[in-house]
Amino acid sequence: MNHDEPWVVSDPSYDADQLNPKLKFAYWEGHRDFAYDLLHFVRPARLVELGSQYGCSLFTFCQAVRDFKLNTEINAVDMWSGDIGAEITGEEVYALVQKTAATYYPEVKLHLFQMRFDQALPDFANESIDILHIDGGHTFEDVERDFTTWLPKLKENGIVLFHDVYSPIDQGSCDHWEKTKREYDCYFDFTHSCGLGVLFPKGRYWYDKLEAAGFFKYYKDLYFYRSKYKYTQARFDELKGLYEERYQAIEQQSKMIDERDARIAADEKLVAEKDAAIASQAKMIDERD
Ligand SMILES: C[S@@+](CC[C@H](N)C(=O)[O-])C[C@H]1O[C@@H](n2cnc3c(N)ncnc32)[C@H](O)[C@@H]1O
């Protein structure tokens, strides 16, 4: 392997958001720009993801493969059944993932494995995966099992990404990261968006290449600040949309109130005219009598 590419900071747009705008607010969202640029840098031949759900991370990988015309094979394993843990997922989520893949990423070599992680193991030879992303169950035991059973499948110098390593709700995956990063000692991590651990358990080739490209000195923090900015911007746009909807509803209602007031005023005028006519008739009757 000989790699002397620079680290390039891109400004991607994620097409999958058009079919599922919720992806912009997924827990993984803050790692999209980093993962996109990482794929550009590493140009992996094979990536495996354990846990895809709606596909925030999955479609980030697909977007990078499509935009940079990478020859990467992407494999996503997930039950998509709602049976595991309390995850909100099921056939309708799987259908949306399939539709997103077919709509935006037909040219990407993407394989969806709707099964348990351990059931997909025989489909992958030992030392055949360049990047492994672990984001399934979040207890210590879940992450430990997924990591240890899939580690033999990782190539020499392969990279493992762990989500939820600084999660306010999943202590198990955080504890696992604390233990694992010390054990392997070649890693870095992000603390935002529930945290992303990046581990180099079978050789430091890519860590050294990142260092040589100035990643740690010049670029790493940028992904943290950019993620904060993008999230705030997306929330702002969402709230602005809600405000505009509410403003229009209030306008509509005040128009209806004005119309109703005008009708009441017209009715009052009619009643007054009728009262006057009755009074005039009563006067005429009095005069006649
Ligand atoms: C946190 S979600 C994945 C989130 C996703 N990476 C993203 O970017 O939004 C975890 C997913 O893993 C799946 N899952 C958890 N444990 C699993 C297992 N042992 N086998 C298959 N799927 C599993 C769940 O069904 C769920 O969809």
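So, a few notes on the structure that sits alongside this text.

### Considerations on the site of the ligand
Consideration 1: Neighbouring the ligand are 18 residues; Gly51, Ser57, Asp78, Phe117 and Asp135 lie closest to it.
Consideration 2: Within the side chain of Ser57, one N or O atom sits 2.9 Å away from an oxygen atom of the ligand.
Consideration 3: Within the contact set of the ligand, a nitrogen atom lies 3.1 Å away from a backbone nitrogen or oxygen of Phe117.
Consideration 4: When the ligand is considered free in solution it has 600 Å² of accessible area, and contact with the protein chains removes 93% of it.
Consideration 5: Residue composition of the shell around the ligand, by class: six nonpolar, eight polar and four charged.

### As for the pattern of salt bridges
Consideration 1: Following the criterion strictly, the structure yields 25 salt bridges and no others.
Consideration 2: Between Glu73 and Arg46 there is a salt bridge, with its nearest N and O atoms 2.7 Å apart. Placement of the pair is Glu73 in strand S2 (residues 73-78) and Arg46 in strand S1 (residues 46-50), with a sequence separation of 27 residues. Of the two residues examined, Glu73 and Arg46, each falls in the buried class.
Consideration 3: Residues Arg182 and Glu178 are paired through a salt bridge, measuring 2.6 Å at the closest nitrogen-oxygen approach. Of the two residues, Arg182 and Glu178 are both situated in helix H7 (residues 171-184); the distance of four residues between them amounts to about one turn of the helix.
Consideration 4: What you see here is one network of salt bridges that share partners, running through Glu178, Lys181, Arg182 and Asp189.

### Side note on the sheet that holds strand S5 (residues 154-163)
Consideration 1: Spatially, S3-S2-S1-S4-S5-S7-S6 is the arrangement adopted by the seven strands of the open sheet, whose pairing is mixed. The strands lining the two open edges of the sheet, one partner per strand, are strand S3 (109-114) and strand S6 (187-190). This sheet shows a mean twist of 15° between the axes of neighbouring strands, independent of strand direction.
Consideration 2: Pairing between S1 and strand S4 (residues 129-134): four bridges, direction parallel. In the strand pairing of S4, Val48 is matched with Leu132.

Procedures and definitions
Residues numbered from 1 in each chain as written. Predicted model: local features only at pLDDT ≥ 70, side-chain atom pairs only at ≥ 80, totals over all residues. Heavy atoms only, no water. Near = heavy atom within 4 Å. Polar contact = N/O pair within 3.5 Å; in protein donor to acceptor, adjacent residues only side chain to side chain. Areas by Shrake-Rupley, 256 points an atom, 1.4 Å probe, with all protein chains shown as cover. Nonpolar A, V, L, I, M, F, W, Y, C, P; charged D, E, K, R; others polar. Salt bridge = Lys/Arg side-chain N within 4 Å of Asp/Glu carboxyl O. Helix = DSSP H or I, 4+ residues; strand = E, 2+ residues; numbered from the N terminus. Buried < 20%, exposed > 50% of the residue type's maximum accessible area, 1.4 Å probe, protein only. Pairing = 2+ DSSP bridges. Axes fitted to C-alpha atoms, helices over the stretch in contact; angles between N-to-C directions.

These figures come from the coordinates and say nothing about function on their own.
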